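Structural overview for review
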Amino acid sequence: MKNILVNFLGRKGGTALYAYEMTKGLIENGAEVYAIVSKQNEMIDEWKKLKLKKLVIIPTYTNKYNFIVNSIKFYLFSRLKIKSYFINEKIDCIYIPCFHPWFSSINKLFNKINTKIVITIHDPIPHTGSFFKNKLICLVQRKDLLKADEIIILSNRFKKYVENTYKKKSSQIHVIPHGIFNYYKNIEMNFQEDLYNKNKINFLFFGRIEPYKGLNILGQAYREIRDKYTNVSLTVVGNGDFSPYKNDFANLMDFKLINRWIKDEEVNMFFKGENIVTVLPYLDATQSGVINIAMMNKSLVIATNTGGISEQIENRKTGLLISPNDKQELVNAMEYVINNNQKCKEYIQNASIFLLGLDWRILSKTLFNIIDKEVIL
């Protein structure tokens, strides 16, 4: 029986759900699981329901403005409390589901020769955009990844890169694809009937609004489509600074912007309804949790062939892949969807079959086996 400590201090979004689902799966696979979780975690009530050996909840921070003050409090007080909580516990493995600025300091509290370290990297190569969010994170976690016994990535495409960058053997790098977020479906709000026009092809962008998401290309492509077809609409849903894209979306017909943080119970609602086509025109990406949410709700996906997305979508079989930063290819794909309804229904059905292999029980079993294997030095 392995004693596993899940070290996760994230607060919200897809990574919070990823960490919860993997932890739940480890328990179901027979592990004795402890967890250190943020007080500000939006799923904290769900964590309390898990059959954990011990759940330690610590205050983190709510935004970048109180990050410094709360970090000082963490190093002066919270770390000592964590150490006291685990002083008599034997931890065989620490599992880190996602990066957090404090995770390394917690690991050092368990700096024992026989404590295995397993880390999941969601973005092996930094996205375009914010230095802090992307490149700085890679720099900060590099030291811990070099020390890690096992590294988990979500796409085969990055395996050789991670091996070389973090000086690992091939046997230390494991690919576990992104699971299906059934949780969103289980807690969903009632569908808003007026959200989409069922007589139109409703194109949807969903996710954080960031520079690498390619929204300028989407706005330009939809303008061209809307000039030619009247039976279409576009909805952009997500939190972030939309101001850089205002000109691309100015005066568009049948366009709706929902520019705010989307609560967990709202997420599934945006993918339900008639003729919803999810469009993800990323300039660069590693993978996308949005793809699985869309497929789960039988929404056809158009996405760019970048990073590991080709491992999530098989072109012209489970969805449509296009080149990044290519407006004309996006226009062509959107037009294909409008004019090939029957073929697109086949892609949706194929995607549903593909998702069967992405059940969290299957994925967490793989994680359990990775943790359970002996470390060979």
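In what follows, the accompanying structure is described. (Residues numbered from 1 in each chain as written. Predicted model: local features only at pLDDT ≥ 70, side-chain atom pairs only at ≥ 80, totals over all residues. Heavy atoms only, no water.)

1. A few points about the overall build of the chain
Scanning the chain from terminus to terminus reveals 14 helices and 13 strands. Its C-alpha atoms give the chain a radius of gyration of 21 Å, within 12% of the compact-globule value 21 Å for 377 residues. Oriented by its inertia axes, the alpha-carbon framework of the chain measures out at about 70 × 40 × 40 Å. Per-residue burial for the chain yields a buried fraction of 55% across its 377 residues. When contacts within the chain are restricted to residue pairs at least 6 apart in sequence, long-range pairs at least 24 apart make up 66% of them. Total accessible area on the chain is roughly 17600 Å²; 50% of this is exposed by carbon and sulfur atoms. (Helix = DSSP H or I, 4+ residues; strand = E, 2+ residues; numbered from the N terminus. Rg over C-alpha atoms; globule rule 2.2 N^0.38 Å. Buried < 20%, exposed > 50% of the residue type's maximum accessible area, 1.4 Å probe, protein only. Contact = heavy atoms within 4.5 Å. Areas by Shrake-Rupley, 256 points an atom, 1.4 Å probe, with all protein chains shown as cover.)

2. Concerning the pairing of strand E5 (residues 116-120)
Burial of E5 is extensive: five of the five residues sit out of reach of the surface. Residues Lys116, Val118 and Thr120 of E5 are buried on one face, and the alternating residues Ile117 and Ile119, pointing to the opposite face, are buried as well. Where E5 lies against strand E6 (residues 150-153), three bridges are found, and the strand directions are parallel. In the strand pairing of E6, threonine 120 is matched with isoleucine 152. (Pairing = 2+ DSSP bridges.)

3. Some remarks on the pattern of salt bridges
Oppositely charged side chains are able to pair whenever their charged atoms sit close together. Evaluation of the coordinates by the stated rule reveals 14 salt bridges. A salt bridge links glutamate 89 to lysine 54, with the nearest nitrogen and oxygen atoms 3.3 Å apart. Placement of glutamate 89 in the loop between helix H3 (67-85) and strand E4 (93-96) and of lysine 54 in strand E3 (residues 54-58) is noted, with a sequence separation of 35 residues between them. Assessed through its relative accessible area of 23%, glutamate 89 is described here as partly exposed. Assessed through its relative accessible area of 25%, lysine 54 is described here as partly exposed. A salt bridge links lysine 116 to glutamate 150; the shortest N-O distance between them is 3.9 Å. Here the residue lysine 116 occupies a position in strand E5, and glutamate 150 occupies one in strand E6, the gap between them amounting to 34 residues. Neither residue differs from the other here; lysine 116 and glutamate 150 are each classed as buried. Ionic contacts of the salt-bridge type, sharing partners, join the residues Lys200, Arg226 and Asp254 into one network. (Salt bridge = Lys/Arg side-chain N within 4 Å of Asp/Glu carboxyl O.)

4. A closer look at the environment of lysine 327
Within the secondary structure, lysine 327 is located in helix H12 (residues 327-339). Here the alpha-carbon distance between lysine 327 and tyrosine 183, two residues 144 residues apart in the chain, equals 34 Å. If we skip the residues at most four places from it in the chain, lysine 327 touches Ile217, Gln220, Ala221 and Glu224.

5. A word on helix H8 (residues 215-228)
Side chains three or four residues apart in an α-helix point the same way, a direct result of the helix having 3.6 residues per turn. Between its first and last C-alpha, H8 extends 20 Å over 14 residues, near the 20 Å set by a 1.5 Å rise per residue. What H8 keeps buried is the set Leu215, Ile217, Leu218, Gly219, Ala221, Tyr222, Ile225 and Arg226. Elements that come into contact with the buried residues of H8 comprise strand E8 (201-206), strand E9 (232-237), helix H9 (246-249), strand E11 (276-280) and H12. (Expected span 1.5 Å × (residues − 1).)

6. Here's the deal with helix H14 (residues 360-372)
Between its terminal C-alpha atoms H14 stretches 18 Å, which fits the 18 Å expected from 13 residues at 1.5 Å a residue. Those residues of H14 not exposed but buried are Trp360, Leu363, Ser364, Leu367, Phe368, Ile370 and Ile371. The arc that holds every buried residue of H14, seen down its axis, measures 160 degrees, which confines them to one face. Against the buried residues of H14 lie strand E1 (3-8), helix H1 (14-28), E4, E5, E6 and strand E7 (173-175). The opening residue of H14, the one whose side-chain oxygen lies 2.7 Å from the backbone nitrogen of arginine 361, is aspartate 359. (Arc of directions from axis to C-beta. Polar contact = N/O pair within 3.5 Å; in protein donor to acceptor, adjacent residues only side chain to side chain.)

7. Looking at the packing of H8 against H12
Interhelical geometry of H8 versus H12 gives an angle of 45 degrees and a closest axis separation of 9 Å. The pairing of H8 with H12 is recorded here as oblique in orientation. As H8 runs across H12, the sense of the crossing is right-handed. Between H8 and H12, the residues in contact are Ile217, Leu218, Gln220, Ala221, Tyr222, Glu224, Ile225 and Lys228 and Lys327, Gln328, Leu330, Val331, Met334, Glu335 and Ile338, respectively. (Axes fitted to C-alpha atoms, helices over the stretch in contact; angles between N-to-C directions. Parallel < 35°, antiparallel > 145°, perpendicular 65-115°, else oblique. Left-handed = near helix turned anticlockwise from the far one by under 90°.)

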